Amino acid sequence: MLTQEEVSRYSRHLIMPEVGVDGQEKLKAAKVLLIGTGGLGAPVAMYLAAAGVGTIGLVDFDVVDVSNLQRQVIHGTKDIGKKKIDSAEETMRDINPLIKIVKHEVALTSENALAIMCNYDIIADGTDNFPTRFLINDACVMLNKPNVYASIFRFEGQATIFAAEGGPCYRCLYPEPPPPGLVPSCAEGGVLGILPGVVGLIQATEVVKLILGAGEPLIGRLMLYDALAMRFRELKLRKNPECICSTGDMKLIDYDHFCGIQKPEPPPLVGEISPKDVKTMIESRQDFILIDVREPHEFQIGRIPTSNLIPLGELPKRIAELDPNAHYVLHCKMGGRSAKGCDVLRAAGFKRVFNMTGGITAWSEQVDPTVPKY
Amino acid sequence: MAKILIPTPLRQFAEKNNSVAVDATTVGEALASLTTQFPDLRKNLFNDEGKLRSFVNVYVNDEDIRYLQKDATAVGDGDTISIVPSIAGGRC
Ligand SMILES: [Zn+2]
């Protein structure tokens, strides 16, 4: 039900048969997540707030910089140095105090994406890097939520809806990201300040149309916009039957790694080995023995498939079963008990003994999120 | 002659041209002619094995060549070949 205040505010919608009271109530009930409150997110957030989208989530962790103001019109000069989500919220509340704004002050990651995104009906991707775009795509495919997508470069934009029911996903179009350095970013290549306004409002339009169920959604079509030529072109997008969105082989991965971005890793401690390195050893079939020193009930919760269970308490009496010349990696839940286990083996004269840093918890976080954390 | 549209991020490798006319009967020939004319484009369009990179799509008119005859897709007078690379910008 719309309140009297809402009826007055949205009257120009209500008198249009394509929206009407029913449509406005759909907008009010809708939950839309905007990932990024920069160039694209700014106009999307402002217009969706004005249109009366009932719940708008914002994901950003950046602060407003003076160089943003050339295009990110949701932020003003007074906001320099403020968190973008706070500044965006303030502008949106001023436009429309009747809606709910949910702030997620985080960088979207494989660990938090599903938990954040599952609370929304529609996702609008306004991010600026390939790892996050692949992450959003994959999470939208897994959650079966439409991803209203746009991207911009200099004076060109692309827009479409990915992962809608029966429609293609981002990977159907681009199975893999470009290697770093081959495609310049906006920070390197520049962007016409007005461009995200035009392209962002294509996104906002498609969000509103999806909510209303009105018109022809931009599904299976890639809209290309060239501001200099002032020309819109449309290309066909097809669902690729070989894409993981069709084969169902979908899980969230390490997207920085996928996109070839090197993260500085802390130097390993002596006698320690990272879960990722253990994974590499398993995949390359290196000759080593993986010992899980947790208790049997913990082993039942989740385990690394190639591991052998020897609870820490049993290790001293079972040491005779083990070849002192073999290569061992030990792990537990967090890394503490297995460090003690390593000491037991080393004290018995075992030379090649390593502790997997962070235990199975780190394994779940860094290698295989399907292994439950407990 | 078919027309190849060069997208913004790749124009720097094509002497800033936004479109190039080529004499070719297939997409493969058209791209070969383009990269002969502008050798710097080659590494952006093709990988070391000479295959089209997976973050670049090629369209003849509005259809993706992956769903036509790929490199062998015929082109002729009046056809437009679009090179569409992935771009990521947005929050910036
Ligand atoms: Zn797909």
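Details of the structure are given in the entry above.
Throughout, a residue's number is its position along its own chain's written sequence, starting from 1. For naming, the first written chain is A and the first written ligand is 1, with later ones following in the order written. Where totals are concerned, whole chains, interfaces and linings use all residues; where local detail is concerned, this predicted model gives features only for residues with pLDDT of at least 70, and gives and counts side-chain atom pairs only at 80 or more. By convention in this description, side-chain values take in all heavy atoms of the structure and omit both hydrogens and water.

Chemist: Quick question: what am I supposed to make of the pairing of strand E8 (residues 231-236) of chain A here?
Modeler: Along any regular strand the residues' side chains alternate between the sheet's two faces. The sheet contact formed by strand E7 (residues 221-226) of chain A and E8 of chain A spans six bridges and is antiparallel. Opposite Leu222 of chain A, over in E8 of chain A, you have Leu235 of chain A as the bridge partner. Two strands form a pair only when DSSP identifies at least two bridges running between them. Runs of E in the DSSP output that reach at least two residues are strands. Runs of H or I that reach at least four are helices, and both are numbered from the N terminus.

Chemist: In this structure, what is going on with the coordination of the zinc ion? I would like to understand it.
Modeler: Residue and element names in this part refer to chain A. The coordination sphere of the zinc ion, as far as protein atoms go, consists of Cys169 (SG), Cys172 (SG), Cys243 (SG) and Cys245 (SG), spread over 2.2 to 2.3 Å. Each metal's donors are the N, O and S atoms within 2.8 Å of it, or within 3.2 Å when it is Na, K or Ca, and because water is not part of the set, sites may look incomplete. The rule is simple: four donors are tetrahedral if all their angles sit between 85 and 135 degrees, four are square planar and six octahedral if opposite donors span more than 155 degrees and the others lie between 65 and 115, and anything that fits none of that is irregular. Relative to the metal, the four donor atoms surrounding the zinc ion lie at angles of 98 to 124°, and the coordination shape comes out tetrahedral. Counting the intervening residues between successive donors of the zinc ion yields the motif C-x2-C-x70-C-x1-C. Of this pair, Cys169 sits in the loop between strand E6 (156-162) and helix H8 (170-173) while Cys245 sits in helix H11 (residues 244-247), placing them 76 residues apart in sequence. Accessibility assignment for this pair places Cys169 and Cys245 in one class, buried. Three labels apply to residues, based on accessible area from a 1.4 Å probe with only protein chains included: buried if under 20% of the type maximum, exposed if over 50%, partly exposed otherwise in between.

Chemist: Teacher, can you tell me more about the nonpolar core here?
Modeler: When a protein is soluble and globular, its nonpolar side chains tend to lie buried together. Residue and element names in this part refer to chain A. What we call a nonpolar core is a set of buried Ala, Val, Leu, Ile, Met, Phe, Trp, Tyr and Cys residues that are connected through their side-chain atoms within 4.5 Å. In terms of nonpolar packing, the biggest core is built from 46 residues, with Leu34, Leu48, Ile56 and Leu58 touching the most fellow members. Counting residues per element, this core draws most heavily on helix H10 (residues 195-212), at eight residues. Contacts between residues were defined by any pair of non-hydrogen atoms, one from each residue, lying within 4.5 Å. Ignoring any residue separated from it by four or fewer positions in sequence, one finds Leu58 in contact with Leu33, Leu34, Thr37, Ala45, Ile85, Ala88, Glu89, Met92, Ile101, Val102, Lys103 and His104. Counting residues in hydrophobic clusters, the runner-up holds 31 residues, among them Val59, Ala113, Ala163 and Tyr255.

Chemist: Help me understand the pattern of salt bridges, please; the structure alone is not making it clear to me.
Modeler: Between side chains of opposite charge, a pair can form as their charged atoms come close. Residues and elements named next belong to chain A. The term salt bridge refers to a side-chain nitrogen of Lys or Arg lying within 4 Å of a carboxyl oxygen of Asp or Glu. Going through the model one piece at a time under the given rule, you end up with 26 salt bridges over all chains. With a shortest N-O distance of 3.0 Å, Glu6 and Lys28 are connected by a salt bridge. You can see Glu6 sitting in helix H1 (residues 4-9) and its partner Lys28 sitting in helix H3 (residues 20-29), a full 22 residues away along the chain. Judged by its relative accessible area of 6%, Glu6 is buried.

Chemist: Would you mind showing me how to read helix H16 (residues 336-347) of chain A here?
Modeler: In an α-helix, one full turn covers 3.6 residues, which means residues spaced three or four apart are oriented alike. All names here are of chain A. A rise of 1.5 Å per residue sets the reference length of H16, with its twelve residues, at 16 Å; its end C-alpha atoms lie 17 Å apart and thus fit the reference within 8%. Every buried residue belonging to H16 is among Ser338, Gly341, Cys342 and Leu345, and all of these are buried. All buried residues of H16 lie within an arc of 105° about the axis, which places them on one face of the element. Across H16 from its buried face, at more than 90 degrees, point the exposed residues Lys340 and Ala347. Where H16 is buried, its residues meet helix H15 (315-318), strand E12 (327-331) and strand E13 (352-356). Gly349, located one to two residues past H16, shows a positive phi value of around 95°. For a helix, the expected span equals 1.5 Å multiplied by the number of residues minus one. The directions considered for the arc run from the helix axis to the C-beta atoms.

Chemist: Please explain the packing of helix H4 (residues 41-51) of chain A against H10 of chain A as it appears in this structure.
Modeler: Any two packed helices are characterised by how steeply their axes cross, that is the angle between the axes, and by the distance between the axes. All names here are of chain A. For the pair H4 and H10, interaxial distance at closest approach is 8 Å and the crossing angle is 40°. Taken together, the axis directions place H4 and H10 in an arrangement best described as oblique. Here the hand of the crossing between H4 and H10 comes out right-handed. Mapping the contact onto sequence places Pro43, Val44, Tyr47 and Leu48 in H4 and Pro196, Gly197, Gly200, Leu201, Gln203, Ala204, Val207 and Val208 in H10. Among the residues forming the contact of H4 with H10, the class breakdown is nine nonpolar, three polar and no charged. Note on method: axes are straight lines fitted to C-alpha atoms, helices fitted across the in-contact stretch only, with angles between N-to-C directions ranging 0 to 180 degrees. In these notes the angle categories are as follows: under 35 degrees is roughly parallel, over 145 is roughly antiparallel, 65 to 115 is roughly perpendicular, and the rest is oblique. In this scheme the crossing of two helices becomes right-handed for a clockwise turn of the near helix relative to the far one and left-handed for an anticlockwise turn of less than a right angle. Each residue receives one of three labels: charged for Asp, Glu, Lys and Arg, nonpolar for Ala, Val, Leu, Ile, Met, Phe, Trp, Tyr, Cys and Pro, and polar for the others, Gly being one of them.

Chemist: I would appreciate a short explanation of empty space enclosed by the protein in the present structure.
Modeler: Taking a probe equal in size to a water molecule and rolling it over the atoms shows the remaining empty space. Residue and element names in this part refer to chain A. A pocket here means an open set of points on a 1 Å grid, computed over the protein atoms alone, that has protein on both sides within 12 Å along at least five of seven lines. A cavity is instead a set of points where a 1.4 Å probe fits but cannot get out; residues with an atom within 4 Å of a point line either one. Grid points are joined across faces, edges and corners, and a volume is the space filled by probe spheres set on the points. All told, the structure shown has two cavities of 30 Å³ or more when counted by the stated rule. Here the second largest cavity is characterised by a volume of approximately 30 Å³. As for the second largest cavity, its lining consists of Leu34, Ile35, Gly36, Leu40, Gly41, Val44, Ala124, Gly126 and Gln203. At the level of secondary structure, the elements contributing two or more residues to the lining of the second largest cavity comprise strand E1 (31-35) and H4. Its residues placed into classes, the lining of the second largest cavity shows five nonpolar, four polar and no charged.

These values are about where atoms sit, not about what they do.
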